[in-house]
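Notes for the structure review
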Amino acid sequence: MPENNENQPKPRRAQQPRQQDGQRRSNQKGRSPSQKSNGDNSDRKSGASRGAAVRAQKRTQMDAQRIANQYMPAQPAENRRANFIDDSPRLKIIGLGGMDGGGSKNMMLVEYMNDAVIIDAGNDLSVDLPGINYGIADTAYLETIRHKLRGYIITHGHLDHIGGLPHIVPKYPAPIYGSNFTIGRVEEIFGNFGLPMPDGFELQTVMMNENTHERLKVGVFYVELVRVTHSIPGSTCVVLDTPVGRIINTGDFRFDPKPLDHERTDMERLKELGDEGVLALLSESTTVERPGTTPSESTIEGSYIDIMNQAPGRIFIGVFSTNMNRIQMIVNAAVHHGRKVAIDGRSMVSTLDMAVRHGYMKIPKGTFIPIASVPAITDDKVVVICTGSQGEPSSALQRMSNGEHRHIKLKEQDTVILSSTPIPESGNDSLIGNMVDDLVQKNVHVFEHRNHEIDNVGPLHVSGHASREEYAEMIKMTKPKFFIPIYGAYRVKQRHVELAVEQGIPRANTVNALNGEVIALTTEKMEIIGEVPSGTILVDQSGAIVSNIVVKDRVLLAEEGLIAVILTVDKKTGNLLTSPDIISRGFIYMREQEDLMNGLRTEIRRAVQQRFKRVDLDRFKIEIKDHVTHYLFDQTQRTPIVIPVVNVITAKGEKQKAADQVTVEQASDKPKNPEDVAAEQQARFQAMRERLLNQDPRVD
């Protein structure tokens, strides 16, 4: 994935994957979606069979499972470590992440005999599931080879390449190698990680100089980093000399001839490596479908100057938090126009602080001011650089657009520049569009890169990734014997394979592998020899791991809602002692559906009278659940989660613990008269009922 992945909090997709499959209910029997959602049954024919209700419930569960299964954890084969065990002297390359989707949670494993290294360990910020922040690659296979692991080698500091490290490295400790800036980013995310590290864990990092071509021995491998241009400082190719031959992982790259920091791609060294011999090239594939070459970052410098010349008031610029070259460019333009600069956005402030400390940014003294000071500065004397160019919820620019920012209230004559394009395959177009709508309603001037020609301004964004001609040039320079496209969607990687064939690589010497597939290499042959467990581990906002089963339940709750039915039954007679209590969450608003609720209560009473005395308690709860599910489907064509709670009252006033797990004090050994027993029983029941219902106004 591109640099866009850097901004926090995570981007959200504009549309749930569920909506493609789930439209069948909203249009069933000619009903409108609004009729479906509010439970109106005026035009429905009752009498749906119990089998139809069961099938609908299964479809709902399968839909939820299908959504959750997009991010399944690894499924290791039982009774064996993996299904390819092979200890022959072949080099094995395994993509544990990054070989599908848009190229995210990037993680490549290189293994030879008793040694292994990992190249990159990122996260996937595009996961769109309830309560999930991001996904990381499942490391089930690492458990079987943890004794082989010698190090982690990082191409650059974007989260889709380093975001998984705080989860993975403490479980499988090894030194982390990278450029100066990359190691600074690694130490930053470990420092900001929300969960404690295991006892005894100590982060080990090794800074390498990408400009001097130093080579370090890591196990049986020799590692070298080669400078490339990307949208973050310190980006590198990883050159790994192995006992079988040399492989190159390009990382994310482009060939910018005029980068602001003058750190151009070291094409001379790449050509030298190609002349010396490269066994396999692992090339990122993010934008291989884009023709031509990617424009230089320097082409947008004049755009900022022109806008600042014309802007009558304050200027707010949304950029990616790690694009230090662009931030430096904006700072230079602000200083040229005599404007102060404020930075807003936690990730941006943290990264900028690290960049300044490591000498990657040159900021004239007195340029920066606190964001809280902006309202006190003359409008035409301030520029605010902030996160939120993707419309992310809770980002700085988003909070400004909806009026929730603590210090900034946007006003007429303010100018907002979105120096970005939507993240590919993320659905962020809608988020950005909604944010721009909010800004325009405030009469703010908005400039977007996609509309820069209409607005008569220069370009406001260039990609950090190569275009088709540059991908071809990388192949020409390195002259690999074998070619493996990585870090991209499968269809895009296939385009990359075709490009490699055009450059003269035999098709038999290419492979488009999936996550978990094991690519085995000798000096003469490359083949897929099996696969290892692979998948996605889901992480919530706190950094904790979330089970796939929990995700399925969340999807069901989000799509269908929940109904809880609370029954209090006399054990001796089998009669209900009170009217059934019903709680609805995310299903219907009960006060507007009295007929539906009254009918449900009638059905529940009938079911209790017919079945309670004839089956055991566990079976009774199952039958009540099925009965309620059938009735609700018959009336609404929906299948919410149904939770029956059954409290059984004995003749002595004791309550048996049931599905709700509510404990009730046992009766005293002291004899009591019937009046005392009845009063105590009623008091206990009322207290328990109040706790269950929680005095929620939606409870009928």
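Below, the structure is looked at part by part. Quantities reported herein were computed from a predicted structural model and do not represent experimental measurements.

Further remarks concern the pairing of strand 6 (residues 149–153). Summarising burial for strand 6: four of the five residues are buried, a large majority. Alignment of strand 3 (residues 115–119) against strand 6, held across four bridges, turns out to be parallel. Bridging from a neighbouring strand, Ile118 pairs with Tyr152 of strand 6. In this sheet, strand 7 (residues 176–178) lies alongside strand 6 in parallel orientation, the contact comprising two bridges. By the bridge assignment for strand 7, Ile153 is matched with Tyr177.

A separate point is the side chain of Asn325. Along the chain, Asn325 falls in helix 10 (residues 324–336). Asn325 gets classed as buried once you look at its relative accessible area, which sits at 14%. Beyond its immediate sequence surroundings of up to four residues, Asn325 is in contact with Leu260 and Asp261.

Attention now moves to helix 9 (residues 301–310). When helix 9 is considered as a whole, its buried residues turn out to be Ser303, Tyr304, Ile307 and Met308. The arc that holds every buried residue of helix 9, seen down its axis, measures 130°, which confines them to one face. Away from its buried face by more than 90 degrees, helix 9 exposes Asn309 and Gln310. Next to the buried residues of helix 9 lie strand 14 (315–318), helix 10, strand 16 (382–386), strand 17 (415–418) and strand 18 (445–448).

Let us now look at the sheet that holds strand 20 (residues 517–521). Strand order in the open sheet made by the eight strands is 8-7-6-3-2-1-20-21, with mixed pairing throughout. Strand pairing shows two members of the sheet lacking a second neighbour, strand 8 (205–207) and strand 21 (526–531), which therefore form its edges. Strand-to-strand twist across the sheet, computed as the mean angle between neighbouring axes with direction ignored, equals 25°. The pairing of strand 1 (residues 91–97) with strand 2 (residues 107–112) spans six bridges and is classified as antiparallel.

We now examine empty space enclosed by the protein. For the structure shown, the criterion picks out two cavities of 30 Å³ or more. By volume, the largest cavity amounts to about 50 Å³. Lining the largest cavity we find Ser389, Leu418, Ser420, Thr421, Pro422, Ile432, Glu448, His449 and Arg450. Looking at the lining of the largest cavity, its residues break down into three nonpolar, four polar and two charged.

To continue, consider the pattern of salt bridges. In this structure the tally under the stated criterion is 30 salt bridges. A salt bridge links Glu289 to Arg495, with the shortest nitrogen-to-oxygen separation between them at 3.6 Å. Taken together, the residues span a long stretch of sequence, with Glu289 in the loop between strand 13 (278–284) and helix 9 and Arg495 in helix 15 (residues 490–502) at a distance of 206 residues. Judged by relative accessible area, which is 42%, Glu289 ranks as partly exposed. What makes Arg495 partly exposed here is its relative accessible area of 48%. Across the salt bridge formed by Asp379 and Lys411, the nearest N and O atoms sit 3.1 Å from each other. In this pair, Asp379 is assigned in the loop between helix 11 (346–357) and strand 16 and Lys411 in the loop between helix 12 (396–401) and strand 17, connecting sequence segments 32 residues apart. Beyond isolated ion pairs, a larger network of salt bridges with shared partners links Arg215, Glu224, Asp241, Arg246, Arg269, Glu272 and Glu276.

A word on the packing of helix 9 against helix 10. In a pair of packed helices, the angle between the axes and the distance between the axes together describe the arrangement. Between helix 9 and helix 10, whose axes approach to 9 Å, the crossing angle comes to 35°. Two packed elements cross with a definite hand, and for helix 9 against helix 10 that hand is right-handed. Only Arg326, Met329, Ile330, Ala333 and Ala334 of helix 10 make contact with helix 9, whose side of the interface consists of Glu301, Tyr304, Ile305 and Met308. A per-class count over the contact of helix 9 with helix 10 returns seven nonpolar, no polar and two charged.

The buried fraction of strand 3 amounts to five of the five residues, a majority that puts the element mostly inside the structure. On strand 3, burial covers both faces: Asp115, Val117 and Ile119 on one face and Ala116 and Ile118 on the other are all buried. Pairing between strand 2 and strand 3: five bridges, direction antiparallel. Residue pairing across strands places Val110 opposite Val117, the latter belonging to strand 3. Taken together, strand 2 and the strand that follows it, strand 3, pair antiparallel across an intervening segment of two residues, in which Met113 is found at a positive phi of about 50°.

The final tally for this structure, using the stated rule, is five aromatic pairs. Summarising the aromatic geometry, the rings of Phe181 and Tyr360 are spaced 4.9 Å apart at their centres and angled 80° between planes, so their arrangement reads as edge-to-face. Pair noted here: Phe181 is in helix 7 (residues 180–191) and Tyr360 is in the loop between helix 11 and strand 16, with a separation of 179 residues, a long-range link. Each ring, one from Phe253 and one from Tyr471, has its centre 5.5 Å from the other, and the planes form 80°; the classification is edge-to-face. Note that Phe253 is positioned in the loop between strand 12 (246–249) and helix 8 (267–276) and Tyr471 in helix 14 (residues 468–478), a separation of 218 residues in sequence. The pair Phe253 / Tyr471 is uniform in exposure class, with both members buried.

Right, let's get into the environment of Pro485. Mapped onto the elements of the fold, Pro485 is located in strand 19 (residues 480–486). With a relative accessible area of 0%, Pro485 lands in the buried category. Taking the C-alpha atoms as reference points, Pro485 and Thr510, 25 residues apart in sequence, are found 8.4 Å from one another. The contact partners of Pro485, leaving out residues within four places of it in the chain, are Met99, Ser283, Ser285, Lys493, His496, Val497, Val511 and Asn512.

Calculation notes
- Residues numbered from 1 in each chain as written.
- Predicted model: local features only at pLDDT ≥ 70, side-chain atom pairs only at ≥ 80, totals over all residues.
- Heavy atoms only, no water.
- Buried < 20%, exposed > 50% of the residue type's maximum accessible area, 1.4 Å probe, protein only.
- Helix = DSSP H or I, 4+ residues; strand = E, 2+ residues; numbered from the N terminus.
- Pairing = 2+ DSSP bridges.
- Contact = heavy atoms within 4.5 Å.
- Arc of directions from axis to C-beta.
- Axes fitted to C-alpha atoms, helices over the stretch in contact; angles between N-to-C directions.
- 1 Å grid on protein atoms, 1.4 Å probe; cavity = no way out; pocket = protein on both sides within 12 Å on 5 of 7 lines; lining within 4 Å.
- Points joined across faces, edges and corners; volume = space filled by probe spheres on them.
- Nonpolar A, V, L, I, M, F, W, Y, C, P; charged D, E, K, R; others polar.
- Salt bridge = Lys/Arg side-chain N within 4 Å of Asp/Glu carboxyl O.
- Left-handed = near helix turned anticlockwise from the far one by under 90°.
- Phe/Tyr/Trp six-rings, centres within 6.5 Å; stacked < 30°, edge-to-face > 60°.

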